[in-house]
Amino acid sequence: MHDDHLFMQAFVYLAAAVVAVPVAKRLGLGSVLGYLMAGMLIGPYGLGLVGEEGKDVLHFAEFGVVMMLFVVGLELEPSLLWRMRTPVLGMGGLQVLFSAILGGGLGLVLGLPWQEALAIGLVLSLSSTAIVLQTLQEKGLMSTAAGRGSFAILLFQDIAVIPMLALFPLLALHAPEALPDAHEAGVMAGLPGWAQGLALLCAVSAVVLGGRFLMRPTFRWVARTGLRELFVALVLLLVIGIALLMDLVGLSPALGTFVAGVVLAESEYRHELESDIEPFKGLLLGLFFIAVGASVDFPLVAEEPGTIAGLVGLLVLVKLAVLFAVGRIFRLSLDQNLLMSFALAQGGEFAFVLFSFAVRAGVLEASTSAPLVAAVALSMALTPLLLVFFDRVVRPRVGTREAERSYDAPEEASVIIAGFGRFGQICSRLLEAEGVHATILEADSDQVDLLRKFGRKVFYGDASRLDLLHAAGAEQARLLVLAVDRSDKTKEIVQTVQRHFPDLPIMARASGRNEAYDLVSMGVQHVYRETFDSALRMGTDALVLLGSRAHRAHRAGARFRRQDEALVRELAGLRGQQDFVDIVRRRTKDVEQILKRDLEGAPVEGAGWDASPLRGDPALTPLESVESSASPSE
Amino acid sequence: MFAHPALERSRVQRRLLEAPKRVGVGVRDLYELYPDLEVDVEAEQAALAAHDIIIFQHPFYWYSAPALVKQWQDLVLTHGWAYGTGGDALEGKLTFNVLSAGGEEAVYRPGGYNRFPVVELLRPFEQTAHLCGMRWLPPFVVHGTTQLEDASLDGHVEAYVRLLEALRDDRLDLAAARRSGGLHRKLSTLISSGAS
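Just so you know, these numbers come straight off a predicted model, no measurement behind them.

Caption draft 1: Structural view of the overall build of chain A. When helices and strands are tallied, chain A shows 27 helices and 6 strands. Look at the contacts in chain A between residues 6 or more apart in sequence, and 75% of them connect residues 24 or more apart. A total of about 31300 Å² of accessible surface is found on chain A, and carbon and sulfur atoms cover 63% of it.

Caption draft 2: Focus on the nonpolar core. All names here are of chain A. By size, the foremost hydrophobic cluster in this structure holds 143 residues, and its most contacted members are F70, F168, F219, F231, F288, F289 and F355. Of all the elements, helix α3 (residues 54-74) adds the most residues to this core, at 13 residues. Residues contacting F288, with those up to four places away along its chain left out, are L58, A61, E62, V65, A130, E349 and M380.

Caption draft 3: Quick look at empty space enclosed by the protein. Residue and element names in this part refer to chain B. This model, assessed by the stated rule, comprises 2 cavities of 30 Å³ or more. If you add up the space inside the largest cavity, you get close to 120 Å³. The wall of the largest cavity is formed by 14 residues, among which F56, T95, T128, A129 and M134 lie closest to the centre. Listing elements by their share of the lining of the largest cavity, those giving two or more residues are β1 (53-59), α5 (67-76), β2 (94-100) and α7 (123-131). Among the elements that take part in the lining of the largest cavity, α7 stands out by supplying 3 residues, more than any other. When its residues are assigned to classes, the lining of the largest cavity shows 10 nonpolar, 4 polar and no charged.

Caption draft 4: Representation of the packing of aromatic side chains. Residues and elements named next belong to chain A. Evaluation of the coordinates by the stated rule reveals 14 aromatic pairs over all chains. Ring centres of F219 and F231 lie 5.5 Å apart, and the angle between their planes is 35 degrees; this geometry places the pair in the tilted category. Taken together, the residues F219 in helix α10 (residues 193-223) and F231 in helix α11 (residues 228-249) connect sequence positions 12 residues apart. With a relative accessible area of 0%, F219 lands in the buried category. Aromatic pair F342 and F390: ring centres 5.5 Å apart, planes at 40 degrees, arrangement tilted.

Caption draft 5: Local environment of the confidence of the model for chain B. Summarising the model, chain B shows a mean pLDDT of 91, and 98% of its residues fall at 70 or more. In the predicted assembly, ipTM is 0.76 and pTM is 0.56.

Caption draft 6: Spatial organisation of the side chain of S267 of chain A. Residues and elements named next belong to chain A. Looking at the secondary structure, you find S267 in the loop between α12 (253-264) and α13 (270-295). Residue S267 is classed as buried on the basis of its relative accessible area of 4%. Setting aside residues up to four positions removed in sequence, S267 forms contacts with R216, R452 and F459.

Caption draft 7: A look at the pattern of salt bridges. All names here are of chain A. Enumeration over the complete set of coordinates arrives at 23 salt bridges over all chains. Close ionic contact of R486 with D488 constitutes a salt bridge, the shortest N to O distance being 3.4 Å. Between R561 and D533 there is a salt bridge, and its shortest N-O distance comes to 2.8 Å. Taken together, the residues span a long stretch of sequence, with R561 in helix α26 (residues 550-573) and D533 in helix α25 (residues 532-545) at a distance of 28 residues. Judged by relative accessible area, R561 falls into the partly exposed class, the value being 30%. Residue classification places D533 among the partly exposed positions, given a relative accessible area of 34%. If you follow the salt bridges from partner to partner, you end up with E272, D276 and R465 in one network.

Caption draft 8: Highlighting helix α5 (residues 85-109) of chain A. Residue and element names in this part refer to chain A. In a regular helix each residue adds 1.5 Å, so 25 residues correspond to 36 Å; α5 covers 35 Å between its end C-alpha atoms and thus fits that length. Packing partners of the buried residues in α5 comprise α6 (114-125), α8 (145-167), α15 (305-329) and α16 (334-344). Just past α5, the residue G111 takes up positive phi, approximately 90 degrees.

Caption draft 9: Structural detail: the pairing of strand β2 (residues 438-442) of chain A. Residues and elements named next belong to chain A. Here β2 lies mainly inside the structure; 5 of its 5 residues are buried. Where strand β1 (residues 415-418) and β2 come together, 4 bridges link them in parallel fashion. The residue of β2 that forms the bridge with I417 is I440. Sheet topology note: the β2/strand β3 (residues 459-460) ladder contains 2 bridges and is parallel. When the bridges of β3 are listed, E442 appears paired with Y460.

Caption draft 10: Here's a closer look at the packing of α6 of chain A against helix α17 (residues 349-360) of chain A. Residues and elements named next belong to chain A. Remark: α6 packs on α17, axes separated minimally by 8 Å, with the N-to-C direction vectors making an angle of 155 degrees. With respect to α17, the axis of α6 lies roughly antiparallel. Regarding α6 and α17, the two cross each other, and that crossing is right-handed. In contact with I120, V123 and L124 of α6, α17 contributes A351, L354 and F355. Here the contact of α6 with α17 is composed, by residue class, of 6 nonpolar, no polar and no charged.

Caption draft 11: Expanded view of the pairing of strand β5 (residues 506-510) of chain A. Residues and elements named next belong to chain A. Of all the 5 residues making up β5, 4 are buried; the element is thus mostly covered by neighbouring parts of the structure. Of the pairings in the sheet, the one linking strand β4 (residues 479-482) to β5 comprises 3 bridges and is parallel in character. Among the inter-strand pairings, L482 is bridged to a residue of β5, identified as A508. Relative to strand β6 (residues 526-529), β5 is paired through 4 bridges, and the arrangement is parallel. Across the sheet, residue R509 finds its bridge partner in β6, namely Y528. For the segment spanning β5, helix α24 (residues 513-521) and β6, crossover handedness is right-handed.

Caption draft 12: Quick look at the sheet that holds β6 of chain A. Residue and element names in this part refer to chain A. If you trace the 6 strands from one edge of the open sheet to the other, you get β3-β2-β1-β4-β5-β6, paired in parallel fashion. Taken across any chain shown, the strands that pair with only one partner, and hence form the sheet edges, are β3 and β6. Running at roughly 160 degrees to β1, helix α20 (residues 422-433) makes contact with β1, β2, β4 and β5 of the sheet.

Parameters at a glance
Residues numbered from 1 in each chain as written. Chains lettered and ligands numbered in written order. Predicted model: local features only at pLDDT ≥ 70, side-chain atom pairs only at ≥ 80, totals over all residues. Heavy atoms only, no water. Helix = DSSP H or I, 4+ residues; strand = E, 2+ residues; numbered from the N terminus. Contact = heavy atoms within 4.5 Å. Areas by Shrake-Rupley, 256 points an atom, 1.4 Å probe, with all protein chains shown as cover. Core = buried A, V, L, I, M, F, W, Y, C linked by side-chain atoms within 4.5 Å. Buried < 20%, exposed > 50% of the residue type's maximum accessible area, 1.4 Å probe, protein only. 1 Å grid on protein atoms, 1.4 Å probe; cavity = no way out; pocket = protein on both sides within 12 Å on 5 of 7 lines; lining within 4 Å. Points joined across faces, edges and corners; volume = space filled by probe spheres on them. Nonpolar A, V, L, I, M, F, W, Y, C, P; charged D, E, K, R; others polar. Phe/Tyr/Trp six-rings, centres within 6.5 Å; stacked < 30°, edge-to-face > 60°. pLDDT = per-residue confidence, 0-100. Salt bridge = Lys/Arg side-chain N within 4 Å of Asp/Glu carboxyl O. Expected span 1.5 Å × (residues − 1). Pairing = 2+ DSSP bridges. Axes fitted to C-alpha atoms, helices over the stretch in contact; angles between N-to-C directions. Parallel < 35°, antiparallel > 145°, perpendicular 65-115°, else oblique. Left-handed = near helix turned anticlockwise from the far one by under 90°. Right-handed = clockwise from strand over helix to strand, strands pointing away.

Okay, structure coming up:
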């Protein structure tokens, strides 16, 4: 029976998502708003399809946020993170400080004790990492100045949650309702402060060192089994393990997995990790948004509509003002600054945790926090709408033109090399020498491992998978170099790319003639038979060793190449005809005949170098008895 | 016929190349077509046969053209096709060079640094044209490319455009052009204003 209930719930959630999200996307509102609306619809105050357990679901779905930060971390190499220290500390710090002062000040004006006002100001300074990042990523705005600024601020906020949790018990006005840290700090609560600090330090070091030295061999070991689901299991195990560890020592799980992500960002498994965890992250985040939607307490809103609306309005306005000021201080351009301000002008998911913690710690009365929680939830639901308002109303007035925005170039490389064996390496080394840095994908983990020892940047993964191609930046790439050594794989990748990235030009390695025919008839413009050029060079050199002049041999080789490549193109079009084998035999013979004639001393090309026909040409008979200096060929 | 082995490093030739593109004149970029110097003789001969005016645009390397132009001549202008018995494929076509040269025009003269006028140094081209029965014109030269200002480079590009338009509309005074010693000199006097 319990299982039935679980399946029923899963059915309701999934159905709501599948119905609401496409509608929202079609309306140009983004997926986040779709999930939120789905949540309101099925929530206890909507259709009532999910009841009180919505709270548990919210707690469970927070794991989606954890996974999202893991993925965000994966995209941030440590060096990049270090370069972001100024915006993170500066923008993030100022934003929290200003919001706390302004929010707290308003609280004081409204007659709250300073402790309550401060706690409220701090909690409301937080924005929703989940909503903002998801929305900005969906719009492809993460690499813009606003996207980077938003990310820096959100990162600081996520870190700031920890000291807030530590601070609240000190602000307690009433006797705590329960042991405030019984849940949040886990088993560590009983230990003295220094031991807690030590445990915290150990946990973080474990994540960093483990990620650096332990995870790579583990990934390799599992990858060698060739079972994809095992790799997925390992990734999930990793994220859940870290989340549990962080919970144990009282750190935010999201922060812990973020650190793990950053540590693994330099690993060759980065793209694979990213694409494996992506569907889980997406679904759990969706679930999270649905849960937020379901948790909006409509009866409370209905009871005091004025108060709640006022709170939401005040919250959004204060945040807008603070964010705009911070953006100003950090010299963002007007439209980028406005975008960032609108994006971050809501309460965050941590507010739910912090408010309930504050109530239990005796800082806030439940009656004070309830309308605030409702306001935060509503402000989150409002964010996608605010961004639509920004896009349609604000940006056209202040905005930068589209053409200029396209200079925010994607950070991915413009060339993808799939397959980094004997073939792909040579190609990539040449490109590298000319300053072209390719994103390299290789499916053999041993090979990846070996190459990493030589200091090459190679990612582990099977390039026939659409998600991996996405992760490697196939949308923005200008070229795909297909140097995979298995022809069935090559064809599979060609089909995937042609279907999903029709504008991406493909250069493909073919193992032999038949594969070249296949690839040409599939419409691949640039096909390279892997042994053709070496064989041709060997033949040319053989001619030289047999006594031919080097240049003549070179020209014979070049001519052979031209003829043979033209032949492959011609014959690829005739594939499938019944007498194909005969045609091939006949045409090949033709080409050989031409070449033979050429070598027998009647060169079709290079005739201009041959002086023999000039002898006895009456048109060139010298007018005076001067040597035939008229010939350009002597 | 355009030849420059390192166009990415040439400011002047890149700009000059705008002129034929603006007028709609076909350009065969030889170093792009034959990066390995393996000239496709049949394709080149077909292109020559299809046109009435053949221009060689290139930098004036060592008082001549980049190597591929010579390779092209050696291979494409074959006996029995371009010259000699039965070699009348190019008969009556108009040909000249468009050059960019580092030195000023003043140094291309007896007693000057380069001792000979550019027209003298182009004698091999002139004689090649003659042997093939083509009508030869003196070159259009952009001198002093090393110190050329962008503004005056614009002027040269415009002049080149006018020259090509005049040729297209048959407004160039060929007799005067032949005597001019260089098509870049007093170009406007060589072009008749009304359409003929």
